[in-house]
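Coordinate inspection notes
Below, each chain spelled out in residue letters.
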Amino acid sequence: MNKINILKKKIRNKQAKIGVIGLGYVGLPLVIEFLKKNFNVFGFDNDIIKINKLKKNESYINYINFNSLSKKQVLNFNPTNKFSNIREVDIIIICLPTPLSKNNNPDMTFIKNSLKQIKNYLKDGQLLILESTTYPGTTKDIIFPILIKKNFKIGKNFYVSYSPERQDPGNKKFGLKKTPKLVSGATSNCLELSYILYSMIVDKVVKVNSLEVAELSKLYENIFRSINIGLANEMKIICEKLCIDFYDVIKAASTKPFGFLPFYPGPGLGGHCIPIDPFYLKWIAKKNNVNAKFIELSAKINNSMPIYVLKKIRYALKKYNLSLSHSKILIIGVAYKKNVDDTRESPSLKIMKMLKQNKVSVDYFDPFVPILKKSRNSSLKMKSKILNKNLLLKYDCTVLLTDHDELNYNLIKKYSKIIVDTRGKYKADQIKIFNA
Ligand SMILES: NC(=O)c1ccc[n+]([C@@H]2O[C@H](COP(=O)([O-])OP(=O)(O)OC[C@H]3O[C@@H](n4cnc5c(N)ncnc54)[C@H](O)[C@@H]3O)[C@@H](O)[C@H]2O)c1
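Residues numbered from 1 in each chain as written. Predicted model: local features only at pLDDT ≥ 70, side-chain atom pairs only at ≥ 80, totals over all residues. Heavy atoms only, no water.

1. Observations regarding a positive patch on the surface
Among the surface-exposed residues, K112, K116, K119, K149 and K150 lie close enough to one another that they form a single positively charged patch. Inspection of the secondary structure puts K119 in the loop between α5 (109–118) and β5 (127–130). (Patch = residues over 30% accessible without salt bridge, like charges linked within 9 Å, V, L, I, M, F, W, Y side chains within 5 Å. Areas by Shrake-Rupley, 256 points an atom, 1.4 Å probe, with all protein chains shown as cover. Salt bridge = Lys/Arg side-chain N within 4 Å of Asp/Glu carboxyl O. Lys, Arg positive; Asp, Glu negative; His and termini not counted. Charge placed at Lys NZ, Arg CZ, Asp CG, Glu CD. Helix = DSSP H or I, 4+ residues; strand = E, 2+ residues; numbered from the N terminus.)

What follows is the structure, given as structure tokens:
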């Protein structure tokens, strides 16, 4: 039997060993899906703290856990920081961060460093899949040269694929299994292998005809979101001037069964994807002498929202003859979106930083984030308060930034002196409740 048929057979009878590199928000759920189907999975991460936790079957992300797995399935998981174990696996799936550099250009260092770590352990017959979100051309630009240098014949004795991760953290309806998965391959052999692989764990796998189409489709999906959120934010500001409730407008427009999709305004963009991915396309467009005007405009609007919120807090306090500086403010929600514990790029952090710079005494409550640790973009180190009547009464103003489902909205409304609501949870009355 030739190499490709051997690998196909191994995948179909679950004998193929899977290696997932990067055990974060994308890598860890993928590991769990393969374990559920009784595959043997190596999980690679260079963060030893994460590895040690995972070795004890403890997850470090609150909505991702091993509870649905049997004891035997859990034993099939081998978390490790020893990259020589790449030799042991048949399939390598890269789920590493793709952030921005200081100049807002693609930062490929995580992927490049990882390839350096694993390149000596790559072997004949393996399938390597990139899942990280990135600009079209990455797989060919960054992965191909390493394989060619090692004399692999792509599509003949080594297989390469790109399959974007589309997960929506916290979305209970569309998890990994229920979200159609796009797959592409360097050759038809590569495409076929990744199609068979993902069909083992995802209900619907969709083949696309090139690596670049798969790479760009992911960017397009996220840019579609960021641009529409930018439009919603602009609409919110216009509606305020016109004294029209924008949430009523969204509700009305949403009754149209075609040609309209509702997007909601907020305090700004957060998370690892929506604020970052548009810049990947902007960068590759610029390299090809095209200015991505839509992307720039929506980023400008979305990035200005934290300042808009700050102005609204100042305005609301002024109505009560209070000045922003030396006021006491309680922030509700530091996660970048509801029902998750992820604070990466969260607009809450930007708003809290600005409040502190204005000498405001700031505390926060977030049931998903008991401790706020220092991160790449924030030096805030704080502990969540416990939400109750006495807590709310202590502050001049409560600012709702993340609309977690489990929040007690009646309690917040009853005992807050002033509410600045960035999520449209309350009807603004311009007396106690202000939208922002
Ligand atoms: N988070 C999401 O909702 C989401 C959704 C779709 C796509 N994506 C994309 O998926 C990719 C991964 O994102 P994420 O949110 O899972 O990131 P993450 O930061 O949660 O996880 C990345 C993991 O990689 C590890 N790591 C860093 N360098 C390493 C190395 N050299 N070797 C091994 N491990 C290393 C880190 O310790 C971390 O555990 C990104 O490209 C992102 O844009 C993310």
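2. Re the sheet that holds strand β14 (residues 419–421)
Taken in spatial order, the 5 strands make up an open sheet running β10-β9-β13-β14-β15, and their pairing is parallel. If you trace the sheet from one side to the other, it starts and ends with β10 (361–365) and β15 (433–435), each paired once. Taken over all neighbouring pairs, the strand axes of this sheet differ in orientation by 20 degrees on average, direction set aside. Across 4 bridges, strand β9 (residues 328–332) lies against strand β13 (residues 397–400) in parallel orientation. Bridge pairing in β13 places I331 opposite V399. Sheet contacts for helix α12 (residues 347–357): β9 and β10; angle to β10, the most-contacted strand, approximately 155 degrees. (Pairing = 2+ DSSP bridges. Axes fitted to C-alpha atoms, helices over the stretch in contact; angles between N-to-C directions. Contact = heavy atoms within 4.5 Å.)

3. Looking at the pattern of salt bridges
Taken as a whole, this structure holds 16 salt bridges when the rule is applied. The salt bridge involving K140 is made with E212; its shortest N-O contact spans 3.1 Å. Taken together, the residues K140 in helix α6 (residues 138–149) and E212 in helix α8 (residues 211–241) connect sequence positions 72 residues apart. For K140, a relative accessible area of 40% corresponds to the partly exposed category. A salt bridge links K427 to D248, with the nearest nitrogen and oxygen atoms 3.0 Å apart. (Buried < 20%, exposed > 50% of the residue type's maximum accessible area, 1.4 Å probe, protein only.)

4. Details of the pairing of strand β4 (residues 91–94)
In β4, alternate side chains face the same way, and those of I91 and I93 on one face and I92 and I94 on the other are all buried. Note: strand β1 (residues 17–21) against β4, 4 bridges, orientation parallel. In the strand pairing of β4, I18 is matched with I91. Traced from β4 through α5 to β5, the parallel crossover comes out right-handed. (Right-handed = clockwise from strand over helix to strand, strands pointing away.)

5. Comments concerning the sheet that holds strand β2 (residues 40–44)
Strands sit in the order β3-β2-β1-β4-β5-β6-β7-β8 across an open sheet of 8 strands; the sheet is mixed. The open sheet is flanked by β3 (77–80) and β8 (205–207), the only strands paired with a single partner. The sheet shows a mean angle of 25 degrees between the axes of neighbouring strands, taken without regard to direction. Pairing between strand β6 (residues 159–162) and strand β7 (residues 181–185): 2 bridges, direction antiparallel. Bridge pairing links S161 to G185 in β7. On top of the sheet, α6 reaches β5 and β6; it is set at about 160 degrees to β6, its chief contact. Running at roughly 150 degrees to β7, α8 makes contact with β6 and β7 of the sheet.

6. Considerations on the domain arrangement of the chain
Domain boundaries assigned for the chain yield domain 1 (3–209) and domain 2 (246–435). Once you take the C-alpha centre of each, domain 1 and domain 2 turn out to be 33 Å apart. Counting residues at the interface gives 20 residues for domain 1 and 16 residues for domain 2. Buried surface at the junction of domain 1 and domain 2, summed over both partners, amounts to about 1600 Å²; 60% is from carbon and sulfur atoms. At the junction of domain 1 with domain 2, the criterion picks out 1 salt bridge. The closest approach of N and O atoms between D168 and K337, which form a salt bridge, is 2.3 Å. For the pair domain 1 and domain 2, the interface holds 6 residue pairs in polar contact (both at pLDDT 80 or more). Split by residue class, the side of domain 1 that touches domain 2 holds 11 nonpolar, 7 polar and 2 charged. (Domains from an automatic or database assignment. Buried area = accessible area lost by both parts, 1.4 Å probe. Polar contact = N/O pair within 3.5 Å; in protein donor to acceptor, adjacent residues only side chain to side chain. Nonpolar A, V, L, I, M, F, W, Y, C, P; charged D, E, K, R; others polar.)

7. Details of the nonpolar core
Of all hydrophobic cores here, the largest spans 42 residues; its most connected members are I11, I18, L30, F34, V41, I91 and I93. Of all elements in the fold, only α1 (3–12), β1, α2 (27–36), α3 (48–55), β4, β5 and α7 (188–199) reach the threshold of two or more residues within this core. In contact with F34, not counting residues within four places along its chain, are I18, F39, V41, I93, L197 and I201. (Core = buried A, V, L, I, M, F, W, Y, C linked by side-chain atoms within 4.5 Å.)

8. A word on the packing of aromatic side chains
Under the definition given, this model contains 10 aromatic pairs. Consider the rings of F34 and F39, whose centres lie 5.5 Å apart with planes at 90 degrees: the pair is edge-to-face. With respect to class, F34 is no different from F39; both count as buried. With a centroid separation of 4.6 Å and 40 degrees between ring planes, the pair formed by F152 and F158 is classed as tilted. Each of the two residues, F152 as well as F158, counts as buried. These aromatic residues form a ring-pair network of at least three members: F42, F44 and F83. Positioned above the aromatic ring of Y198 is the side chain of K181, whose terminal nitrogen or guanidinium carbon lies 4.7 Å from the ring centre. (Phe/Tyr/Trp six-rings, centres within 6.5 Å; stacked < 30°, edge-to-face > 60°. Lys NZ or Arg CZ within 6 Å of the ring centre and 35° of its normal.)

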